[in-house]
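Examining the three-dimensional arrangement
Residue strings, one per chain:
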Amino acid sequence: MEQPLLPALAGCADLLDDNGDDDDNGDNGDDNGEDGFDFEDAEQRAEEFLEEQNATGADNGWKSEDLRGEQEVIIDAGFPYYDPALLIVDEGTEITWEVGTGHNVITLDIEGDNAVGGDIAAYETDITLDSGSTEENEVWEETIDETGVALYGCTPHVDNGQWGAVVVDSSD
């Protein structure tokens, strides 16, 4: 006589979260949000990029700041590094780069005169940023309304390690 499966499944419902999956992140088990964005993967890609490109920062190391929940944030883009090098924000956050003369914010996908160069073929940026050339004491502002990763550099200073990354998380 075949045994029913119900006794074997008793108590298993307690292992699932409110969404019917076991990962406790509210996304129905696919480890991505509704738009397919995987925050942990994006953050890891940004960190690996900065490490492998030898990004510089204060005290011989680059800084990361999680500023989700803020409406406006500032990145100091003065030579020889971006501060913070890794910024985590929500969609719709206004980011201001205090750039100054001779610096810029250019993502890896820009070609032509402002292309950042370097050994970047293995990296993929999801979000395009292009401040163009900047003047003395200039600031550059961008509001990013999509999730993803922006991997960028300062065209004339990437050989000095002036690389940065922004991870944009959903604002849900």
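Note that this is a predicted model, so its numbers are computed, not measured. (Residues numbered from 1 in each chain as written. Predicted model: local features only at pLDDT ≥ 70, side-chain atom pairs only at ≥ 80, totals over all residues. Heavy atoms only, no water.)

Our next topic: unusual backbone geometry. Residue P84 is reached from D83 by a cis peptide bond, and omega for that bond is 5 degrees. Mapped onto the secondary structure, P84 falls in the loop between strand 2 (72-76) and strand 3 (86-90). Not every positive phi belongs to a glycine, and N54 is a case in point at roughly 55 degrees. Take N54: it is sitting in the loop between helix 2 (39-52) and strand 1 (64-66). (Helix = DSSP H or I, 4+ residues; strand = E, 2+ residues; numbered from the N terminus.)

What follows is about the packing of aromatic side chains. Here the structure, examined in full by the defined rule, presents five aromatic pairs. Ring geometry for F49 versus W163: centroids 5.3 Å apart, planes at 85 degrees, classification edge-to-face. Here F49 is found in helix 2, whereas its partner W163 is found in strand 8 (residues 163-169), with 114 residues between them in sequence. Residues Y82 and Y152 carry aromatic rings whose centres are separated by 4.8 Å and whose planes lie at 75 degrees to one another, so their mutual orientation is edge-to-face. Separated by 70 residues along the polypeptide, Y82 in the loop between strand 2 and strand 3 and Y152 in strand 7 (residues 148-153) bring together distant segments of the chain. (Phe/Tyr/Trp six-rings, centres within 6.5 Å; stacked < 30°, edge-to-face > 60°.)

If you walk across this open sheet you meet the five strands as 1-3-8-7-5, and the pairing is mixed. For this open sheet the edge positions go to strand 1 and strand 5 (106-107), each flanked by a neighbour on one side alone. Looking at chain direction, strand 1 and strand 3 are connected through three bridges and run parallel. Across the sheet, the residue bridging to D66 is I88, located in strand 3. Across the sheet, helix 2 is in contact with strand 3, strand 7 and strand 8; its angle to strand 8 comes to roughly 175 degrees. (Pairing = 2+ DSSP bridges. Contact = heavy atoms within 4.5 Å. Axes fitted to C-alpha atoms, helices over the stretch in contact; angles between N-to-C directions.)

In terms of burial, strand 8 is a largely internal element, seven of the seven residues being buried. Alternating residues of strand 8 divide into W163, A165, V167 and D169 and G164, V166 and V168, and every residue in both groups is buried. The pairing of strand 3 with strand 8 spans five bridges and is parallel. Each residue of the ladder has a partner; that of V89, found in strand 8, is V168. Two strands pair when backbone bridges link them, and strand 7 and strand 8 are joined in this way by six bridges, in the antiparallel orientation. (Buried < 20%, exposed > 50% of the residue type's maximum accessible area, 1.4 Å probe, protein only.)

Here Q71 shows up in the loop between strand 1 and strand 2. Separated by 20 residues in the primary sequence, Q71 and E91 have C-alpha atoms spaced 9.5 Å apart. Apart from residues no more than four positions distant in its own chain, Q71 is found in contact with G92, T93 and E94.

The next thing to look at is the sheet that holds strand 4 (residues 94-98). Taken together, the three strands give an open sheet; going across it, the order is 2-4-6, and neighbouring strands pair in mixed fashion. On the outer flanks of this sheet lie strand 2 and strand 6 (139-143), each paired with one strand and no other. Direction aside, neighbouring strands of the sheet carry axes that sit 20 degrees apart on average. Two strands pair when backbone bridges link them, and strand 4 and strand 6 are joined in this way by five bridges, in the antiparallel orientation. For T96, the partnering residue across the bridge sits in strand 6 and is E141.

As a further point, take the nonpolar core. Within the largest apolar cluster, 22 residues are counted, with the highest numbers of intra-cluster contacts made by L50, L108, L151, W163 and V167. Looking at this core element by element, the count peaks at five residues for helix 2. For L50, the residues in contact, after removing those within four places along its chain, are A55, W62, A85, L86, W163, G164 and A165. One finds A77, W140, I144 and Y152 within the second-largest nonpolar core, a separate group that totals 19 residues. (Core = buried A, V, L, I, M, F, W, Y, C linked by side-chain atoms within 4.5 Å.)

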